[in-house]
Amino acid sequence: MRSLILLVLPILCCIGARATRVTGIVRDEKGNVLPYSSILIKGTTRGVTAGGDGRYSIELSPGQHILVCQYVGYQREEKSVTVGADELVVDFRLSPLQLSMAEVVVRPGGEDPAYAIIRHAIKKRRDYENPLDSFTCEAYIKTLMRTRGLPKRILGQKIQESDKKDMGVDSAGKGIIFLSESLTKVAFKRPDRIKLEVLSGRQSGSNGYGFSIPTFINFYKNNVAVLGDQLNPRGFVSPIADAALAYYRYKFLGSYFEDGKEINEIQVIPRRKYEPLFSGKIDIIDGEWRIHSLDLRLLRESQLEILDTLEIKQIHAPVGAAAASGATGRSGEVWLVKSQVIYFTFNILGIDAVGNFLNVYNNYDVAPVFRRRYFNNVLIRYDTAGNRKTKAYWDSIRPLPLEPDEKINYVIRDSIYRYSQDSMGTKRNRDSLLKRQGPVKAGQLLIGGFNRSDFRQPRPMRYSMEGLLPNVSYNTVEGINLTVAGRIGKRLRGGGGDLSFSPHFRYGFNNHLFNAWGELTLDRRSFSREGEEISSSRQSWTLAGGRRVAQYNPDNPISEVVNALYTLLRGRNYMKIYESRFAELRSATRFDNGMRLNIKTLYEDRRPLENTTYYSFVKPSSRAFTGNYPWEIPIAPQLVVPHQALVTTVDLEYQPGQRFIEYPNRKVSIGSKYPTFTIGYAKGWEVLGSDVNFDKWSFSVRDAMNFRLRGELRYRFSIGGFLNANSVYLPDYQHFNGNQTLVASEYLNSFQVAPYYANSTTENFYATAHLEHHFNGFLTNKIPLFRRLNWHLVGGGNAFYVNGSEHYEEMFWGLENIFKLLRVDVVASWRDGRYWETGVRVGFGGLLGGGRGQR
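Analysis parameters
Residues numbered from 1 in each chain as written. Predicted model: local features only at pLDDT ≥ 70, side-chain atom pairs only at ≥ 80, totals over all residues. Heavy atoms only, no water. Helix = DSSP H or I, 4+ residues; strand = E, 2+ residues; numbered from the N terminus. Buried < 20%, exposed > 50% of the residue type's maximum accessible area, 1.4 Å probe, protein only. Contact = heavy atoms within 4.5 Å. Areas by Shrake-Rupley, 256 points an atom, 1.4 Å probe, with all protein chains shown as cover. Core = buried A, V, L, I, M, F, W, Y, C linked by side-chain atoms within 4.5 Å. Polar contact = N/O pair within 3.5 Å; in protein donor to acceptor, adjacent residues only side chain to side chain. Salt bridge = Lys/Arg side-chain N within 4 Å of Asp/Glu carboxyl O. Lys, Arg positive; Asp, Glu negative; His and termini not counted. Pairing = 2+ DSSP bridges. Axes fitted to C-alpha atoms, helices over the stretch in contact; angles between N-to-C directions. Phe/Tyr/Trp six-rings, centres within 6.5 Å; stacked < 30°, edge-to-face > 60°. Lys NZ or Arg CZ within 6 Å of the ring centre and 35° of its normal. Patch = residues over 30% accessible without salt bridge, like charges linked within 9 Å, V, L, I, M, F, W, Y side chains within 5 Å. pLDDT = per-residue confidence, 0-100.

What about the overall build of the chain?
In terms of regular secondary structure, the chain is built from ten helices and 43 strands. Projected onto its principal axes, the C-alpha coordinates of the chain cover approximately 100 × 80 × 55 Å. The buried share of the chain, taken over its 855 residues, is 48%. At a minimum sequence separation of 6, the contacts of the chain that also span at least 24 residues come to 63%. Surface summary for the chain: the accessible area is close to 41700 Å², and the carbon and sulfur share equals 56%.

Written as C-alpha cells, this is what we have:
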C-alpha cells in the first residue's frame, strides 16, 4: 500500500498543479472584435495577445488572478478570476477612452499643452532609450500575409490555376500566401550587444523557420528604423526626437487614468509632407514622461518605399522587480514594449496584399547572468531542432489562438508539403514533376532561357541554357556573333559537394572563327560543431580552358550590348578584343571569420585580332572606326603582338567585425559596421615559354556610411603599382576603367567620362578615389511639386593620380530613383589640371536599380 501511495502521489501533485486554460473574446461596446488586444496577468510580466478575430487563450495556475486587457485608444479593463480545475471563459468589452479636458485652457494664440508634455518626454528620451544594462526576454513572432487580388499576368507571364494552388489562394486570387510563427530568445547588454536565439520556428507549407527575427522599433531613438533600411534608408523621425518640434505639430486630445497614473493622449501631425514622419497618436505618462502606448502610421507621402501604408501599434508595460511587486510610480521602475503589431498594405505589379507582423514579449529578466563569451560574432542562432516542433508544442507556447483560416492553411499546406516530401523519390511523383516542367518552348530557347531537372532523387541532375537572342551581338572584329552558353550540375555522393560544367560556344559570322571553352567547378562546404560553437567555410575550385575572345582590360569596361549599339548607330568601336587560348585554375575560399581568399593561375596564348567589317547603320563621320587595339596608348602598336603569359594573382578580402547568422548546418555573414579591405598581388612568370615578367600590388578600402536623414555616403579608395615591370603586355597593365558612352559604367569602380585606355600605366605608384553621396530624398523633398516624384539627389567625384606625372578628376551631380529604377548624372572632368569633357550618363539607381552601371 505504501508503495502504491508513493507511486500515485506524484501523479496527484502533477494533476493538482496543472494549469487551467482561460479563453475569451475582446470586443468594443458595439460588439466589434478588437484584433491583437493585449491581455496581461497583473503583477507579472506574463501575457498573451488576442488573435485577429479578437479571441485569446491563456493558461493560469489554480488560484486568484487579475487579467488586464488593453487596446490602443480604449480604456483598460481588469477582471478578477478564480481559477480551478475547469476551463473558464472571460470576455472583455472595452470602451473608447473618455479623455478629460477639464483642467486644460488654451487661450487664443496660446501654445497647445501637448508641446509642454512633448518637451518633457524629449528631455527623458535618453533615460528610456536603453533603461537597463542588460535583459533577456522571449519574443513570439507571427507573420501573416494575404492577397486581396492577383492580376492575370505578371511581367507578361500568365498566372495558372496551378500557380494559385501552390500559393495557397483561391480562383479569385484571395488567400493566405505566407504564414509563420516563431519563438526567439532576445538578449541585450550595453552598449550595443544583442543576441537572438531562435528556439523554434515554423512556416506554413515548408520546413523553414519563417520570419523569426523580432521587429524592434524603438521610438526613444532619434531616428527610428522600421523593418530595416529598405522601406527608407533615411529612417523616420521619432515624435519625441531631440529635434522633433521642428518636424511635428502636436495637439492635446485629453488624459485618462490607469493605476493612479495620468496618461496624456497626443495627436502627432507632420509639419510637412514628403518628409520621413509619422502621424497618429502617442500616449505619454504624466510626471514620468515615458511612452505608455502609441498608434502611428506611415504613408507614401512619408517617403515610405515598397509598401503603400504601414501602421505601428505598441503597448508598453512595466517589467522586472517593480512590475512583479505590483508597484507603480516607484523610483527605478522600468517599462519596455510588451506587444507590437505592424499592419501593412502593398500593391505591386497588380498583387494587392495586406499583412501584419505581431511581436509579443514575455518572461523579461532584467538582471540576467550571461556566460563568458556569450556575446560573440553570432548575432542570430537557430536551434538545431527548432523547425521540428510538434503541433502540441505550438499550441502550448502560442500566446494567441490561430484564426480559423490560419488553422486551415497550416493543415492543407503542411499536408501538401509532407506528401511531396514522402513521394519525392517515387516514379509517379517524378513523372508528375516532369510533366509540369514541360518541354522547352521556343520563347525560352530564343529569349528567356530555361532551367530543367531530371528529378531523380536524392541527387537530381540540373541543367540550364541562356536565351539565344540576348547573346547575339556585333563588333567590328567578328561582325555578327552568337554565343551559346549553358550549365549542367549535380550533387556528389557522401557530401562531396556540387559539381558543375559550363560550356560556351561562340561563332563570328564575319571572321568565321569558332571559339569554345568551358569551366568545371566543384563547390564544397565544410561544417563542424564543437559544443555550441560551429565552424563553417566554403571553397570552390574551377578548372577552365579553351579558346575565347577577351577585352584588353580584364574588368570589361564596356558591355558587348552597349558596344554593339554604338558601333551600329554611331560608328564607334570602343571595345578592343584579342584571342585567348587559355588554361586556368582558380580557387575561392570563404573562411569561418568571413575572410575571402581568391587565387588564380592563368596561362594564355594571346593573339591580336583585326577588324573585318566597318558596317554601320550610319554613314562614316569624321570620327571614323579605330583599330582593334588600345590606340590611345602611344606604344600600343609595339605591344599588340602574339605572346604567351603565365600569371598568378592572389586577392585577400576582409571586413573586421563581421556578424553572422548561425543555422544548424551553416553560417551566413550579414556584414559589419566597419570597412572592407582588399589586398591584391599579381606575378607574371617568365617560365614555360611565358613572355611576361612583372610584379604588381594593390590595396583598397570601401564602405557605405548611412547618415540616416542626411543620406548615405559610399566610397572606394585604392593604391597600388608595379614593383617590377620588366616585361608587361597590354592585358596586364594597370587600367583605369573609362567610359565614353551615354550608359553609365560601374559606379565606384570607374571614371564616367574618361577614355578607356589613355591612362593605362605600368608606373610604380597610383591612387584612385571614388566617392558619392546618396541624399535619399534629403533636399529634393523640399521642392514643391517636384517632391511628389520622389526622385533623389546624388553627387560625388572620381579621381586618379599616377606618380605625379598625370592625374584626372571628375565631379558629378544627378538624380536617382527615377521610376524607382534609373539614375541620370551630369559629369564634368579635368585631366592634368585642364578641363577635359562634360557628359551625361544614364544608369540604374534607386529602390530597384541598386546603384549599378553597365558591367
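Still more to cover.
Regarding the nonpolar core
Counting 43 residues, the largest nonpolar core has Phe219, Val226, Tyr250, Phe278, Leu310 and Ile312 as its most contacted members. Among the elements that take part in this core, helix α2 (residues 114-129) stands out by supplying seven residues, more than any other. Setting aside anything within four residues of it in sequence, one finds isoleucine 312 in contact with Ile217, Phe219, Val226, Phe278, Leu294, Asp295, Leu296, Gln340, Val341 and Ile342.

Section: the environment of threonine 768
In this structure, threonine 768 sits in strand β39 (residues 766-774). With 51 residues separating them along the chain, threonine 768 and phenylalanine 717 place their C-alpha atoms 5.7 Å apart. If we ignore the near neighbours within four places in the chain, the residues touching threonine 768 are Arg716, Phe717, Ser718, Phe736, Phe751, Ala799 and Phe800. At 2.3 Å, the side chain of threonine 768 forms a polar contact with the side chain of serine 718.

What about the pattern of salt bridges?
Evaluation of the coordinates by the stated rule reveals 49 salt bridges. Put simply, glutamate 59 and arginine 21 hold a salt bridge, and the shortest N to O gap is 3.1 Å. Placement of glutamate 59 in strand β4 (residues 55-60) and of arginine 21 in strand β1 (residues 20-28) is noted, with a sequence separation of 38 residues between them. For aspartate 414, the salt bridge identified is with arginine 202, shortest N-O distance 3.4 Å. With aspartate 414 in helix α6 (residues 404-422) and arginine 202 in strand β13 (residues 193-203), this pair connects stretches of sequence that are 212 residues apart.

Section: the side chain of arginine 430
Tracing the backbone through its elements, the reader meets arginine 430 in helix α7 (residues 427-437). Despite its burial, arginine 430 pairs with no opposite charge; the closest candidate is aspartate 431, at 4.6 Å N-O. When near neighbours in sequence (up to four residues on either side) are disregarded, arginine 430 contacts Asp454, Phe455 and Arg456.

Some details on the sheet that holds strand β3 (residues 47-49)
Taken in spatial order, the four strands of this open sheet run β3-β2-β5-β6, and their pairing is antiparallel. Both edges of this open sheet fall to β3 and β6 (77-83), since each of them pairs with a single strand only. Taking each pair of neighbouring strands and ignoring which way they run, the sheet shows an average axis angle of 25°. For strand β5 (residues 63-70) and β6, the ladder comprises seven bridges, and the chain directions are antiparallel. Pairing of glycine 63 across the sheet is with valine 83, part of β6.

Remarks on the packing of aromatic side chains
Under the defined criterion, the tally for this structure stands at 40 aromatic pairs. An angle of 90° between the planes, with centres 5.6 Å apart, marks the rings of tyrosine 115 and tyrosine 250 as edge-to-face. With tyrosine 115 in helix α2 and tyrosine 250 in strand β16 (residues 248-258), this residue pair connects regions lying 135 residues apart in the sequence. Here the aromatic rings of phenylalanine 694 and phenylalanine 722 are separated by 6.0 Å at their centres, their planes lie at 65°, and the arrangement is edge-to-face. Taken together, the residues span a long stretch of sequence, with phenylalanine 694 in strand β37 (residues 693-706) and phenylalanine 722 in strand β38 (residues 712-727) at a distance of 28 residues. You can call phenylalanine 694 buried: its relative accessible area is 1%. Residue phenylalanine 722 is classed as buried on the basis of its relative accessible area of 5%. Grouping aromatic residues by their ring pairs yields a cluster made of Phe736, Phe751, Tyr766, Phe800 and Tyr808. Residue placement shows arginine 202 over the ring face of tyrosine 410; its charged tip is 3.6 Å from the ring centre. The lysine or arginine in question, arginine 548, covers the ring of phenylalanine 582, its NZ or CZ lying 3.6 Å from the ring centre.

Let's talk about a nonpolar patch on the surface
A grouping of Tyr463, Ile488, Leu492, Leu499, Phe501, Leu520, Trp541, Leu543 and Leu585 is seen on the molecular surface, where their side chains present a nonpolar patch of about 770 Å² in accessible area. Where the nonpolar patch is concerned, the elements lending two or more residues are β28 (498-508) and β30 (533-551). Residue placement: tryptophan 541 occurs in strand β30. Look at tryptophan 541 and you get partly exposed, because its relative accessible area is 39%.

Topic: the pairing of strand β12 (residues 175-189)
Across the 15 residues that make up β12, a large majority, eleven, are buried. Inspection of the sheet shows strand β9 (residues 134-149) paired to β12 by 14 bridges, in the antiparallel sense. Residue pairing across strands places lysine 142 opposite glutamate 181, the latter belonging to β12. Pairing analysis gives ten bridges linking β12 to β13, with the strands arranged antiparallel. Bridge pairing in β13 places valine 186 opposite leucine 196. In sequence, β12 turns back onto β13 through a hairpin of three residues.

Describing the environment of isoleucine 266
Of note, isoleucine 266 is situated in strand β17 (residues 261-270). Sequence-wise, isoleucine 266 and isoleucine 282 are 16 residues apart; in three dimensions their C-alpha atoms are separated by 5.5 Å. When near neighbours in sequence (up to four residues on either side) are disregarded, isoleucine 266 contacts Ala114, Ile117, Ile118, Tyr250, Lys251, Leu253, Gly280, Lys281, Ile282, Asp283 and Ile284.

Quick look at the confidence of the model for the chain
Averaged over every residue, the pLDDT of the chain is 90; the share at 70 or more is 94%. Residue range residues 1-17 is modelled with pLDDT below 50. Its contacts to residues more than four positions away, or to other chains, number one contact. The low-confidence segment residues 322-331 (pLDDT under 50) makes 13 contacts with residues lying over four places distant or belonging to another chain.

Remarks on the side chain of glutamate 806
Structurally, glutamate 806 can be placed in strand β41 (residues 806-818). Of the side chains with opposite charge, arginine 831 comes closest to the buried, unpaired glutamate 806, at an N-O distance of 5.0 Å. Residues in contact with glutamate 806, not counting those within four places in the same chain, are Asn759, Phe800, Tyr801 and Asp832.

What to know about the pairing of β16
Judged from the ten bridges that link them, β16 and β17 form a sheet pairing that is antiparallel. When the sheet's bridge partners are listed, tyrosine 250 is paired in β17 with valine 268. Between β16 and β17, which pair antiparallel one after the other, the connecting turn spans two residues, and aspartate 259 there sits at a positive phi close to 50°.

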